[in-house]
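A look at the structure
In case you want the letters, here they are:
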Amino acid sequence: QNVAIGGDAMAGAMNDADNNVAVGYLAMQALTTGDSNVAVGSGAGEDITTGSNNAAVGYRAGYALVDGANNAAIGHEALSSAVDDSGNTAVGAQSLYALNGSGTTANTGIGMEAGFYNATGTNNTAVGYNAMKGASGQSNSGNTAVGMNALLAITDGSDNVAIGRISGDSITTG
């Protein structure tokens, strides 16, 4: 009940993995027991082993997901650093790129590099080019940024709302 198309797609030691689809070189290459995953693109979902209900579409989308569940990653390297994170949605090239907390959940990044540097924050919504991009290694939670460069410089601030192009672009904390 699995479909693999491409060199080394689903090449792992699959033990009871069911209902998975992998299309592309190294797509879901490490799969062992995960169920109901879809990976389309070179390196998409490459490290998924036990994770379930993930969708990764694009070059290295959801690349590092090992045992995360219920994630959607669409776009070049979208959600590519997450390992055991769940319930995140990344749409756009490198959206939620650095997210990599232990069980980090409920983040939404839509747009190129939306939420790019947020490493362990939860419950964020970033919509627009560079929305809530942040700074390397920083984490923030409970923020909403809508518009190009909205909350662009956010580092560890929480519970902020910024709507409109470059709104709150210099807020870092608070």
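Coordinates for the structure precede this section.
To start, this report covers the structure provided alongside it. Owing to the predicted nature of the structure, the values given are computational and were not obtained by experimental measurement.

With that settled, the discussion passes to the pattern of salt bridges. A complete count under the given rule lists one salt bridge for this structure. One salt bridge connects Lys133 with Glu113, and the closest N-O pair in it is separated by 2.8 Å. Pair noted here: Lys133 is in the loop between strand S8 (125-127) and strand S9 (144-146) and Glu113 is in the loop between strand S7 (108-110) and S8, with a separation of 20 residues, a long-range link. Glu113 carries the same exposure label as Lys133, and that label is buried.

Before going further, it helps to spend a moment on the packing of aromatic side chains. Overall, the coordinates contain two aromatic pairs when judged by the stated rule. Consider the rings of Tyr97 and Phe116, whose centres lie 4.8 Å apart with planes at 5°: the pair is stacked. Note that Tyr97 is positioned in the loop between strand S6 (89-91) and S7 and Phe116 in the loop between S7 and S8, a separation of 19 residues in sequence. Take Tyr97: its relative accessible area is 25%, and that puts it in the partly exposed class. On the basis of an interplanar angle of 85° and a centroid distance of 4.6 Å, the ring pair of Phe116 and Tyr117 is categorised as edge-to-face. On the accessibility criterion, Phe116 (10% relative accessible area) is buried. Residue classification places Tyr117 among the partly exposed residues on the basis of a relative accessible area of 27%. Counting every residue linked through ring pairs, the aromatic cluster contains Tyr97, Phe116 and Tyr117. Arg60 extends its terminal NZ or CZ atom over the ring of Tyr63, reaching a point 3.8 Å from the ring centre. Above the plane of the ring of Phe116 lies Lys133, whose end atom (NZ or CZ) is 5.5 Å from the centre.

Criteria and thresholds
- Residues numbered from 1 in each chain as written.
- Predicted model: local features only at pLDDT ≥ 70, side-chain atom pairs only at ≥ 80, totals over all residues.
- Heavy atoms only, no water.
- Salt bridge = Lys/Arg side-chain N within 4 Å of Asp/Glu carboxyl O.
- Helix = DSSP H or I, 4+ residues; strand = E, 2+ residues; numbered from the N terminus.
- Buried < 20%, exposed > 50% of the residue type's maximum accessible area, 1.4 Å probe, protein only.
- Phe/Tyr/Trp six-rings, centres within 6.5 Å; stacked < 30°, edge-to-face > 60°.
- Lys NZ or Arg CZ within 6 Å of the ring centre and 35° of its normal.

Worth remembering: the numbers are spatial, not functional.
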